[in-house]
Amino acid sequence: MLDRIYTNSLDYLCRKRKFCDEYINKGTYVYELIRIIYIFLGVNLMSDSIKELKKKILQFRDDRDWKQFHNPKDLAISLSLEASELLEIFQWSGDDLVVAQKRDKVKEELADVMIYAMLIAEAYDLDVGEIIEQKLDANNKKYPVDKSFGNAKKYTELK
Ligand SMILES: [Mg+2]
């Protein structure tokens, strides 16, 4: 998971600089070396990537003068509605829970949910990368690997 985040961050950085794509092929030692360097230096790369996304979302909102409608209550309602649209994709799907053919719909609704989540974070001046990391730390304490490995029980029931 972490590895994927860093790889994605590196991909992002490469796209920004149009460097790796042109000169360095994925899977080569040079690419891996740069990736490892970013693992050490790149704590903020994910955060940079999120900041870039946030900028685009706010630009979209501001181009339409929608900030006036974006109070936390309505944003939370909207997030919940989009989450319901995501759930709707699976309605009556029976045993077909993999629903690979629904991937495009999932992609859209998931993006809607995340956009609203970022707008709520913006409304409260919260750093998305930071709050996710804080929550992951808290979850790590709630669900220690030795007690929760392969175990779907809630943390209050872990022994
Ligand atoms: Mg939607």
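Residues numbered from 1 in each chain as written. Predicted model: local features only at pLDDT ≥ 70, side-chain atom pairs only at ≥ 80, totals over all residues.

Comments concerning helix H6 (residues 103-123)
Thought 1: Helix length check: H6, at 21 residues, gives a terminal C-alpha distance of 30 Å against a target of 30 Å (1.5 Å per residue), a fit within 8%.
Thought 2: Taken as a whole, H6 has its buried residues at Ile115, Tyr116, Met118 and Leu119. Across the axial projection of H6, the buried residues extend over an arc of 160°, all falling on one side.
Thought 3: In the stretch just after H6, aspartate 125 is the one whose phi turns positive, near 55°. (Helix = DSSP H or I, 4+ residues; strand = E, 2+ residues; numbered from the N terminus. Expected span 1.5 Å × (residues − 1). Buried ≥ 20, exposed ≤ 12 C-beta atoms within 10 Å, placed from the backbone. Arc of directions from axis to C-beta.)

So, the environment of lysine 67
Thought 1: Its place among the elements puts lysine 67 in the loop between helix H4 (45-63) and helix H5 (72-88).
Thought 2: Its 13 C-beta neighbours within 10 Å are what place lysine 67 among the partly exposed residues.
Thought 3: Taking the C-alpha atoms as reference points, lysine 67 and alanine 123, separated by 56 residues in sequence, lie 9.6 Å from one another.
Thought 4: Excluding anything up to four places from it in sequence, lysine 67 contacts Arg61 and Asp62. (Contact = placed C-beta atoms within 7 Å.)

Here's the deal with the nonpolar core
Thought 1: Counting residues in hydrophobic clusters, the biggest one holds five residues: Leu75, Ile115, Tyr116, Met118 and Leu119.
Thought 2: Ranked by residues supplied to this core, first place goes to H6 with four residues.
Thought 3: Here leucine 119 is in contact with Ile57, His70 and Leu75, once residues within four sequence places are set aside. (Core = buried A, V, L, I, M, F, W, Y, C linked by C-beta atoms within 7 Å.)

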